[in-house]
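Structure at a glance
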Amino acid sequence: MRRFLPILMLMLALAACGGESADPSDIPELPVGTAAGIQAILADSTQPVVINVWASWCIPCRSEAPLLERAAAATTGVRFIGLNVQDEQEGARGFIAEFFPDAPIEHYIDESGDIPVALGGTRGVPMTFFYAPGGELVALHAGVIDERTLALQLDEIRSR
Amino acid sequence: MAMVPVYLVLYWEARRGNAASCTRDLWDIALSAAATGLLVGRLGAMVAGGVNPITHPADILIVRGGVATGPAVMAALATVAWLGRSQLWVIADGLSAAALAGLAGWHSGCLVRGTCLGTPSDLPWAVAQNGSAITRHPVEIYTAIALIAGAGVIAGLRFRGRLAPGVATGSALAYAAAIRLATEPLRPSLGPGPIGWYAVGVAVGAALVVWAIRRSVARPVAEPGA
């Protein structure tokens, strides 16, 4: 039994390390997004825009969420949009409460998952689009994004 | 891409520098250290990001979500120290060049992931992303080249038997940390990055080299056959 004590203590320590979540009921319902609406936002934007496509059931999305939250909080002059796809309001609000309660990210819901396809992507999640001001697509990253790639593409869209 | 250079360097050294019976041990320890470092580094990144590893165990497998450098290196070194405790400096020195080569392989993985580029540069060898006019430092390639050169120098000195026990280990640690410290300003980043960890690595590696040299002067290693 004593052999397993360090493992038990490690697991207890890890269990205590989870971040504090907001109450999902405090998160307002997500507005329903449309392809035309998102394209209008992009065309009218005088700032670079990052669109991150996510779903509450997607494990890799959970993995990259802390990085996106940190990037949105630390980056000025870039508009961050979260596009929740193939999901329901309840799950989406729970995810936002857990990862993005205070992050400066506008979230939309797209239950059909058609918007990323209309923007030139696929139905896969997660996916991140990087746009220069005026809506020019600079980069499309499919899959989990790492800090280096995110920082590089943010630098790229801010330099245009 | 990290473990292939480790294997190649160990295989190469097996015929020249390592004790005849220890190359297989070195490979086993290298694999164990890499796996432990990856696991602890991933757990560290998850905890730092506010994700509970107990309630979300599947997230541990998404290594691309981030690996905390400091905890990963400490866990890898602790694994080497524990598994090689019976002949610590033979094992640690035997792994030093291979570890630098492995790190070079890890950095050259950017060629597969498309993440080699750093801050903007006008140098003739600077590279632009597809569709971009902004040329950038291929910073991960700089790092990989510097690390592989360091691996070659340390392996060469070991072959000539010119290093006291512990010097190769300290030199490799200090060199790897110094290369990361020197190239960090060339990487686009969302924050200062783990610069403090790299500075600690340089200091610990340099202290180890000084300690090993002083120890060997005070207690010279016996010549083979003496």
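Here the structure is a predicted model, which is why all the values come from computation and not from measurement.

This brings us to the overall build of chain B. A count of helices and strands for chain B gives eight helices and two strands. The helix and strand sequence of chain B, counted from the amino end, reads α-α-α-α-α-β-β-α-α-α. Here the C-alpha atoms of chain B give a radius of gyration of 19 Å, agreeing with the 17 Å that 2.2 N^0.38 yields for 226 residues. When the backbone C-alpha atoms are referred to their principal axes, chain B occupies close to 65 × 50 × 30 Å. Burial statistics for chain B: of 226 residues in total, 40% are counted as buried.

Each helix and strand counted, chain A has six helices and five strands in total. Here chain A holds 160 residues, and 42% of them are scored as buried. Long-range contacts, defined as pairs at least 24 residues apart, comprise 74% of the intrachain contacts of chain A with a sequence gap of at least 6.

Residue and element names in this part refer to chain A. Read from one edge of the open sheet, five strands run S3-S2-S1-S4-S5, paired in mixed fashion. Each edge of the sheet is formed by a strand with only one pairing partner; in this case those strands are strand S3 (105-110) and strand S5 (137-142). Going across the sheet, the axis of each strand differs from the next one's by a mean of 15°, ignoring polarity. Taken together, the five bridges between strand S4 (residues 127-131) and S5 define a ladder with antiparallel strand orientation. Residue pairing across strands places Phe130 opposite Ala139, the latter belonging to S5. Helix-sheet contacts for helix H6 (residues 147-158) involve S4 and S5, and the interaxial angle to S5 is about 170°.

What follows is about unusual backbone geometry. Residues and elements named next belong to chain A. Note that the residue after Val125, namely Pro126, is joined by a cis bond; omega there is -5°. Tracing the sequence through the fold places Pro126 in the loop between helix H5 (115-118) and S4. Of note in the backbone geometry, Gln86 takes a positive phi value of approximately 50° without being a glycine. By the secondary structure assignment, Gln86 is in the loop between strand S2 (79-85) and helix H4 (89-99).

With 93% of its residues at a pLDDT of at least 70, chain B reaches an overall mean of 88. Both scores are available for the predicted complex, with the pTM at 0.82 and the ipTM at 0.77.

The figure often quoted for interface size is the accessible area lost as the parts come together. Between chain B and chain A, the residue contacts involve 26 residues of the former and 27 residues of the latter. Of the residues in the side of chain B that touches chain A, the class split is eleven nonpolar, twelve polar and three charged.

So, on to the environment of B:Ala35. Residues and elements named next belong to chain B. With respect to the helices, strands and loops of the structure, Ala35 is situated in helix H2 (residues 23-48). Assessed through the 14 C-beta atoms surrounding it within 10 Å, Ala35 is described here as partly exposed. Along the backbone, Ala35 and Thr79 are 44 residues apart, and their C-alpha atoms lie at a distance of 9.7 Å.

What follows is about the packing of helix H4 (residues 88-108) of chain B against helix H6 (residues 139-159) of chain B. All names here are of chain B. Look at H4 against H6: their axes get within 8 Å of each other, and the N-to-C directions meet at 165°. What the angle tells us is that H4 and H6 run roughly antiparallel. Where H4 crosses over H6, the two elements pack in a sense that is left-handed. Along the contact surface, H4 presents Asp93, Ser96, Ala97, Leu100, Ala101, Leu103, Ala104, His107 and Ser108, while H6 presents Glu140, Thr143, Ala144, Leu147, Ile148, Gly150, Ala151, Ile154, Ala155 and Arg158. Its residues placed into classes, the contact of H4 with H6 shows eleven nonpolar, five polar and three charged.

This part covers the environment of B:Tyr7. For B:Tyr7, the position within the fold is in helix H1 (residues 3-14). Linking B:Tyr7 and B:Ser216, residues 209 residues apart in sequence, is a C-alpha distance of 29 Å.

Residues and elements named next belong to chain B. Put simply, H1 and H4 touch, their axes get as near as 7 Å, and they point 150° apart. By the angle class used here, H1 and H4 are roughly antiparallel. H1 and H4 meet at a crossing whose hand is right-handed. In contact with Met3, Val4, Pro5, Val6, Val9, Leu10 and Glu13 of H1, H4 contributes Ala97, Ala98, Ala101, Gly102, Ala104 and Gly105. Counted by class, the contact of H1 with H4 contains ten nonpolar, two polar and one charged residues.

Residues and elements named next belong to chain B. Among the structural elements, Ile29 can be located in helix H2. The sequence separation of Ile29 and Trp82 amounts to 53 residues, and the corresponding C-alpha distance is 9.6 Å. Non-local contacts of Ile29, meaning those with residues more than four positions away in its chain, are made with Val80, Leu83, Gly84, Ile91 and Leu95.

What counts and how
Sequence positions are assigned chain by chain, starting from 1 and proceeding in written order. As they are written, the chains are lettered A onward and the ligands numbered 1 onward, keeping that order. Only residues with pLDDT of at least 70 get local features here, since the model is predicted, and only at 80 or more are side-chain atom pairs given and counted; chain-wide, interface and lining totals rely on the full set of residues. Numbering of helices and strands runs from the N terminus; a helix is a DSSP stretch of H or I covering at least four residues, while a strand is a stretch of E covering at least two. For the radius of gyration, the atoms used are the C-alpha atoms, and the globule rule reads 2.2 Å times the number of residues raised to 0.38. Residues with at least 20 neighbouring C-beta atoms inside 10 Å of their own are called buried, those with 12 or fewer are called exposed, and the rest are partly exposed, where every C-beta is derived from the backbone. Here contacts are defined at the residue level, using C-beta atoms placed from the backbone and a cut-off of 7 Å between them. The pairing criterion for strands is at least two bridges between them, as found by DSSP. Only C-alpha atoms enter the line fits that serve as axes; for helices the fit covers just the stretch in contact. Angles between N-to-C directions range over 0 to 180 degrees. The pLDDT value tells you how sure the predictor is about a given residue, anywhere from 0 up to 100. Under the convention adopted here, Pro, Cys and the residues Ala, Val, Leu, Ile, Met, Phe, Trp and Tyr are nonpolar, Asp, Glu, Lys and Arg are charged, and Gly plus all remaining residues are polar. Throughout this description, any angle smaller than 35 degrees is read as roughly parallel, any larger than 145 degrees as roughly antiparallel, any in the 65 to 115 degree range as roughly perpendicular, and the remainder as oblique. If you view the pair so one helix is near and one far, a crossing is left-handed when the near helix is turned anticlockwise from the far one by less than a right angle, and right-handed when it is turned clockwise.

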